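# Observations on the model geometry
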Amino acid sequence: MVAATETRAKPAATLRRRRRRRLSRLSRRDKLVAALLLGIPLLLDLAFVWLPALASVLLSFTKWTGVGGVHLKACSNTATLPGIPQPGCLYGVQNYHQAFTVYPDFWPAVRHNAIWLGVFIVFATPLGMLFAVIIDRGIRGSRIYQSVLFLPVMLSLALIGILWEFVYSSNYGLINTIIGRNGNNNLIDWLGNPHLNLWAILVEASWRQAGYVMILYLAGLKSVDPGLREAALVDGANTWQTFWRVVFPVLRPINIVILVVTVIESLRAFDLVYITSKGNPLRGLELLSVSVTQNIVGETQRIGFGSTLGVVLLVISLVPISIFLYQVFRREER
């Protein structure tokens with residue numbers, strides 16, 4: 001037992017000595033450049049990511065409208081006079097209680113975010129995988145197909161929303177014109193109907209997401225050892241069996257990355273809905289990210305309550321990120 005411990009301790013000590021030698025070889029200028037290269041991104045990350053996140057967590061326990069300061073006194077039970085903003089007092093967990101029980105848009109937003117995630121996983125991700133597999137086989141014009149399918153990823157979501165408005169427009173849209181439903185008596189309001197607008201926007205989002213997934217899978221397929229496919233063909237496996245039983249298991253790291261990206265993209269969906277609704281809430285398009293924006297920068301100016309919704313969104317986002325980090329660290333240990 002002691003010998004095994006000493007055996008493990010020796011490589012660790014050797015590694016520390018090597019690190020010290022490498023640091024000693026660096027000049028003062030090299031150390032300064034390294035400190036700047038590491039320090040500036042770290043400061044920017046703290047200033048624009050972690051500090052706002054921590055501030056949102058703290059503000060979620062207050063009743064603050066953005067007017068006046070935030071103090072550590074508990075909110076009084078007396079009603080606030082109309083037109084006078086509530087001071088930034090401590091509100092405890094009341095914001096969370098109101099979000100889960102009273103706020104009418106919360107549960108529809110959670111349900112729509114779940115539908116968004118389900119469509120991405122069931123439709124957009126397999127479609128992107130199919131595009132990647134077909135292009136990876138080296139068909140004629142694969143570069144052109146890859147560029148065309150990846151084009152929506154390079155466009156901003158705001159521009160995509162504007163383009164698809166011409167497709168979904170009730171009077172002069174492409175779809176209604178083709179099917180002959182653009183008259184005042186028989187038109188279809190794709191973006192105004194609460195039973196259709198979410199699915200219409202999901203088509204836009206999936207159009208972009210499929211190209212993003214395709215690029216990720218193409219990068220993973222290029223790294224697969226060709227010998228695995230050759231061995232599978234020698235054993236008598238067809239193309240379908242080769243992919244699902246040989247290639248797809250090798251793509252496990254890419255699958256994890258795509259799963260995390262898909263969850264995050266479905267949770268932070270905002271631009272398409274905001275452009276479609278012109279900044280005003282529409283029935284059928286409630287999302288957590290839109291609710292956060294409406295409460296923080298909208299007419300109500302409930303920054304404390306909007307921060308609560310942001311914290312809920314942050315907690316949900318941390319679940320796939322934690323799974324991803326766990327898988328990465330576990331693979332490194334192996």
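Scoring rules and cut-offs
Residues numbered from 1 in each chain as written. Predicted model: local features only at pLDDT ≥ 70, side-chain atom pairs only at ≥ 80, totals over all residues. Heavy atoms only, no water. Axes fitted to C-alpha atoms, helices over the stretch in contact; angles between N-to-C directions. Helix = DSSP H or I, 4+ residues; strand = E, 2+ residues; numbered from the N terminus. Parallel < 35°, antiparallel > 145°, perpendicular 65-115°, else oblique. Left-handed = near helix turned anticlockwise from the far one by under 90°. Contact = heavy atoms within 4.5 Å. Nonpolar A, V, L, I, M, F, W, Y, C, P; charged D, E, K, R; others polar. Core = buried A, V, L, I, M, F, W, Y, C linked by side-chain atoms within 4.5 Å. Buried < 20%, exposed > 50% of the residue type's maximum accessible area, 1.4 Å probe, protein only. 1 Å grid on protein atoms, 1.4 Å probe; cavity = no way out; pocket = protein on both sides within 12 Å on 5 of 7 lines; lining within 4 Å. Points joined across faces, edges and corners; volume = space filled by probe spheres on them. Patch = residues over 30% accessible without salt bridge, like charges linked within 9 Å, V, L, I, M, F, W, Y side chains within 5 Å. Areas by Shrake-Rupley, 256 points an atom, 1.4 Å probe, with all protein chains shown as cover. Salt bridge = Lys/Arg side-chain N within 4 Å of Asp/Glu carboxyl O. Polar contact = N/O pair within 3.5 Å; in protein donor to acceptor, adjacent residues only side chain to side chain.

### A look at the packing of helix 8 (residues 197-222) against helix 11 (residues 252-267)
Between helix 8 and helix 11, the shortest axis-to-axis distance is 10 Å and the interhelical angle comes to 160°. Between helix 8 and helix 11, the crossing angle belongs to the class labelled roughly antiparallel. Crossing of helix 8 over helix 11 shows right-handed handedness. Residues Arg-208, Gln-209, Tyr-212, Val-213, Leu-216, Tyr-217 and Gly-220 of helix 8 pack against Ile-254, Asn-255, Ile-258, Val-261, Thr-262 and Glu-265 of helix 11. In terms of residue class, the contact of helix 8 with helix 11 is made up of 7 nonpolar, 4 polar and 2 charged.

### A word on the nonpolar core
In summary, soluble globular proteins display a tendency toward joint burial of nonpolar side chains. Trp-116, Tyr-168, Ile-201, Leu-272, Val-273 and Leu-287 are the most contacted members of the largest nonpolar core, which totals 23 residues. Of all the secondary structure elements, the ones that give two or more residues to this core are helix 4 (106-136), helix 6 (157-168), helix 8 and helix 12 (271-276). If we skip the residues at most four places from it in the chain, Val-273 touches Trp-116, Ile-201, Leu-285, Leu-287 and Val-290. Leu-267, Leu-288, Val-312 and Leu-313 belong to the second largest nonpolar core, which has 14 residues in total.

### Let's talk about empty space enclosed by the protein
The full count for this structure, using the stated rule, is 1 cavity of 30 Å³ or more. The calculated volume of the largest cavity comes to roughly 140 Å³. Lining the largest cavity are Trp-116, Phe-120, Leu-157, Ala-205, Arg-208, Gln-209, Glu-265, Arg-268, Ala-269, Phe-270, Asp-271 and Leu-272. For the lining of the largest cavity, the secondary structure elements donating two or more residues are helix 4, helix 8 and helix 12. Sorting elements by how many residues they give to the lining of the largest cavity places helix 8 first, with 3 residues. Here the lining of the largest cavity is composed, by residue class, of 7 nonpolar, 1 polar and 4 charged.

### Quick notes on the packing of helix 4 against helix 11
One can describe the packing of helix 4 onto helix 11 by two numbers: an axis separation of 8 Å at closest approach and a directional angle of 140°. When the axis of helix 4 is compared with that of helix 11, the two are oblique. For the element pair helix 4 and helix 11, the recorded crossing hand is right-handed. Contact residues: Asn-113, Trp-116, Leu-117, Phe-120, Ile-121 and Thr-125 in helix 4; Ile-258, Leu-259, Thr-262, Val-263, Glu-265, Ser-266 and Leu-267 in helix 11. Of the residues in the contact of helix 4 with helix 11, the class split is 8 nonpolar, 4 polar and 1 charged.

### Details of a nonpolar patch on the surface
Residues Leu-32, Leu-36, Ile-40, Leu-42, Leu-43, Leu-44, Leu-46, Phe-48, Val-49, Trp-50, Leu-51 and Leu-54 make up a contiguous nonpolar surface patch of roughly 1300 Å² in combined accessible area. Along the chain, the position of Val-49 falls in helix 2 (residues 28-59).

### Focus: the layout of surface pockets
Rolling a probe over the atoms, with the probe sized like a water molecule, indicates the empty space that remains. Space inside the largest pocket adds up to approximately 590 Å³. What lines the largest pocket is a set of 21 residues, and nearest its centre among them are Ala-53, Ser-56, Gly-310, Leu-313 and Leu-314. Counting residues per element, the ones that place at least two in the lining of the largest pocket are helix 2, helix 13 (288-297) and helix 14 (303-333). Its residues assigned to classes, the lining of the largest pocket comprises 14 nonpolar, 7 polar and no charged. A volume near 510 Å³ is recorded for the second largest pocket. Lining the second largest pocket are 16 residues; nearest its centre among them are Val-133, Arg-137, Thr-239, Trp-240 and Phe-243. Where the lining of the second largest pocket is concerned, the elements lending two or more residues are helix 4, helix 9 (226-234) and helix 10 (239-250).

### What to know about the environment of Ser-147
Here Ser-147 is to be found in helix 5 (residues 142-154). Taking the C-alpha atoms as reference points, Ser-147 and Gly-211, 64 residues apart in sequence, are found 9.3 Å from one another. A polar contact is formed between the side chain of Ser-147 and the backbone oxygen of Arg-143, at a distance of 2.9 Å.

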